[in-house]
Amino acid sequence: MTAIDTEKPQERFSPDLYLLFRLLGTAHTVTELLNNALRQVGLSAETLRLLTQLVNAPEPLEPQELDATAVGGGAEVGSLLDGLERDGLVRRTPPRGNGRSARVMVTARGRARQHAAAAHVDAIALQLATALSGVDATAVERALAALR
């Protein structure tokens, strides 16, 4: 596949198509910035979502209480939890005798990793906010909402 230079308009592309390419290129760049920042702390977007849910929970959660929609389904939640447990970021409590399943709690190490990842994400958000400081945020939000 040939790369398309989206920095200069191509005569064969309409202005709308050119704008679409720019939007896609920007989305890809932001995604890569986030992924690279999370890799620096050994997490993915999905594992950060799970850790954040556990950090914000007032008590340990059952695996099925975790937001499976954020990571693509229950089977994937189990797999992600296995990896987080291997890394010492979460711990499963033994099942209770009342038929309830094991619960998942974030460890001190997991809490620290989640905070580090959140700080990296916040830094990227600040970088984006700075880059967009002169842009009408309401108009951008309306345009993005129209694309959903």
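Residues numbered from 1 in each chain as written. Predicted model: local features only at pLDDT ≥ 70, side-chain atom pairs only at ≥ 80, totals over all residues. Heavy atoms only, no water.

Examining the packing of helix α2 (residues 45–56) against helix α4 (residues 108–131)
Put simply, α2 and α4 touch, their axes get as near as 10 Å, and they point 120 degrees apart. In the crossing of α2 with α4, the sense of the turn from one axis to the other is left-handed. Of α4, the residues touching α2 (which contributes Leu-48, Leu-51, Thr-52 and Val-55) are Gly-110, Arg-111, Gln-114, Ala-117 and Val-121. The residue inventory of the contact of α2 with α4, partitioned by class, reads five nonpolar, three polar and one charged. (Axes fitted to C-alpha atoms, helices over the stretch in contact; angles between N-to-C directions. Helix = DSSP H or I, 4+ residues; strand = E, 2+ residues; numbered from the N terminus. Left-handed = near helix turned anticlockwise from the far one by under 90°. Contact = heavy atoms within 4.5 Å. Nonpolar A, V, L, I, M, F, W, Y, C, P; charged D, E, K, R; others polar.)

Structural notes on the side chain of Glu-62
With respect to the helices, strands and loops of the structure, Glu-62 is situated in the loop between α2 and α3 (74–86). Residue Glu-62 is classed as buried on the basis of its relative accessible area, which comes to 8%. Polar contacts involving the side chain of Glu-62 include one to the side chain of Gln-64, which spans 2.6 Å. (Buried < 20%, exposed > 50% of the residue type's maximum accessible area, 1.4 Å probe, protein only. Polar contact = N/O pair within 3.5 Å; in protein donor to acceptor, adjacent residues only side chain to side chain.)

Let's talk about the pattern of salt bridges
In this structure the tally under the stated criterion is six salt bridges. Two residues, Arg-92 and Glu-85, come together in a salt bridge whose shortest N-O distance is 2.8 Å. On the basis of relative accessibility, which here comes to 26%, the residue Arg-92 falls in the partly exposed class. For Glu-85, a relative accessible area of 32% translates into the label partly exposed. When salt bridges that share partners are traced, they join Glu-59, Glu-62, Glu-65 and Arg-103 into one network. (Salt bridge = Lys/Arg side-chain N within 4 Å of Asp/Glu carboxyl O.)

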